[in-house]
Amino acid sequence: MTQPRCYLSRRETFSAAHRLHSKELSDEENKAIYDKCNHINGHGHNYVLKVTVFGDIDKRTGMVVNLTDLTSYMKIHVLQHLDHKNLDLDVEYFKNQVSTTENLAVYIWAQLKPHLGDLLHEIKIGETEKNQVVYRGD
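Given the structure is predicted, the values throughout are model-derived calculations rather than measurements.

J.: Mind showing me how you'd approach the packing of aromatic side chains here?
T.: Think of a pair of aromatic rings as described by two things: how far the centres are apart, and how the planes are tilted against each other in angle. Counted according to the given criterion, the structure contains six aromatic pairs. Between Tyr-93 and Phe-94 the ring centres are 5.0 Å apart and the planes differ by 90°, which places this aromatic pair in the edge-to-face class. Residue classification places Tyr-93 among the partly exposed positions, given a relative accessible area of 29%. Aromatic pair Trp-109 and Tyr-135: ring centres 5.6 Å apart, planes at 85°, arrangement edge-to-face. You can see Trp-109 sitting in helix α4 (residues 101-116) and its partner Tyr-135 sitting in strand β5 (residues 132-135), a full 26 residues away along the chain. Look at Trp-109 and you get buried, because its relative accessible area is 11%. Grouping aromatic residues by their ring pairs yields a cluster made of Tyr-93, Phe-94 and Tyr-107.

J.: For this particular structure, what's the right way to read the UniProt feature "binding site: Zn(2+)" (unreviewed entry) in the chain?
T.: Under the UniProt annotation, the feature "binding site: Zn(2+)" (unreviewed entry) is placed at His-18, His-43 and His-45. The named residues occupy 28 residues along the chain; their greatest pairwise C-alpha distance, 8.5 Å, places them in one compact cluster. One can find His-43 in strand β2 (residues 43-56). His-43 has contacts with Ala-16, Ala-17, His-18 and Cys-37, leaving out every residue within four places of it along the chain. Its place among the elements puts His-45 in strand β2. You can call His-45 buried: its relative accessible area is 13%. The residues touching His-45, leaving out its near neighbours within four places in the chain, are Phe-14, Ser-15, Ala-16, His-18, Glu-127 and Thr-128.

J.: Is there a simple way to think about the environment of Ile-108 in this case?
T.: Among the secondary structure elements, Ile-108 is positioned in helix α4. According to the relative accessible area criterion, Ile-108 is buried, its value standing at 0%. It is 28 Å that separates the C-alpha atoms of Ile-108 and Glu-29, two residues lying 79 residues apart in sequence.

J.: In this structure, what is going on with unusual backbone geometry? I would like to understand it.
T.: Phi is mostly negative for residues that are not glycine, and the peptide bonds are mostly trans. At Asp-35, a position not held by glycine, the phi torsion is positive, near 50°. For His-84, which is not glycine, the phi dihedral falls at a positive 55°. Within the secondary structure, His-84 sits in the loop between α2 (67-82) and β3 (85-86).

J.: Can you walk me through the layout of surface pockets in this structure?
T.: One way to see where empty space is left: roll a probe the size of a water molecule over the atoms. Quantified by volume, the largest pocket comes out at close to 220 Å³. Considering the residues around the largest pocket, the lining is formed by Arg-19, His-21, Ser-22, Lys-23, Glu-24, Asp-88, Phe-94, Lys-95, Asn-96, Gln-97 and Val-98. Residues belonging to the lining of the largest pocket are distributed by class as follows: two nonpolar, four polar and five charged.

J.: In this structure, what is going on with α2? I would like to understand it.
T.: Along an α-helix, residues three or four apart share an orientation, since each turn contains 3.6 residues. The terminal C-alpha atoms of α2, which comprises 16 residues, lie 21 Å apart, in line with the 22 Å expected from a rise of 1.5 Å per residue. If you look at α2, its biggest bend is around 40°, right at Lys-75. Those residues of α2 that sit buried are Leu-70, Thr-71, Met-74, Val-78, Leu-79 and Leu-82. In this structure, the buried side of α2 is in contact with β1 (5-18), β2, β3, α3 (87-90) and α4. Near the N-terminus of α2, the side chain that reaches the backbone nitrogen of Thr-68, with its oxygen 2.8 Å away, is that of Asn-66. Backbone geometry just downstream of α2 places His-84 in the positive-phi region, at approximately 55°.

Here is what the cut-offs are and how they apply
- Residues numbered from 1 in each chain as written.
- Predicted model: local features only at pLDDT ≥ 70, side-chain atom pairs only at ≥ 80, totals over all residues.
- Heavy atoms only, no water.
- Phe/Tyr/Trp six-rings, centres within 6.5 Å; stacked < 30°, edge-to-face > 60°.
- Buried < 20%, exposed > 50% of the residue type's maximum accessible area, 1.4 Å probe, protein only.
- Helix = DSSP H or I, 4+ residues; strand = E, 2+ residues; numbered from the N terminus.
- UniProt positions renumbered as here; feature names shortened; annotations may be inferred.
- Contact = heavy atoms within 4.5 Å.
- 1 Å grid on protein atoms, 1.4 Å probe; cavity = no way out; pocket = protein on both sides within 12 Å on 5 of 7 lines; lining within 4 Å.
- Points joined across faces, edges and corners; volume = space filled by probe spheres on them.
- Nonpolar A, V, L, I, M, F, W, Y, C, P; charged D, E, K, R; others polar.
- Expected span 1.5 Å × (residues − 1).
- Bend = angle between axes of the 7 residues up to and from the residue.
- Polar contact = N/O pair within 3.5 Å; in protein donor to acceptor, adjacent residues only side chain to side chain.

Take a look at the structure:
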């Protein structure tokens, strides 16, 4: 009999500021592409982060991963670096990457992958109630 597999997700929130601005574009192009999100002083979001793992349910523990461990990884490797920060100024990765939610998802994946390995299935970030990004390590 094969071992049952399951998805497990953990939801956290964080607040961060940023400015959408690409060094590869002129000021006029940045304004045309990013509009009000290119404001010189930036703007902020209350992000909703959902990390999903997928794997075998351990026969002894009944878990895919210990939820306490997942929460700890998220807090130590993601939230403490992003929460109440200016992404463009405080996070080294975004000094050379536009701080879009797409790039934020890729960054978070890279932070968690060493700790979750092949169990890491999906990063989902809600930037607003209307805008969400899903990344699966592609």
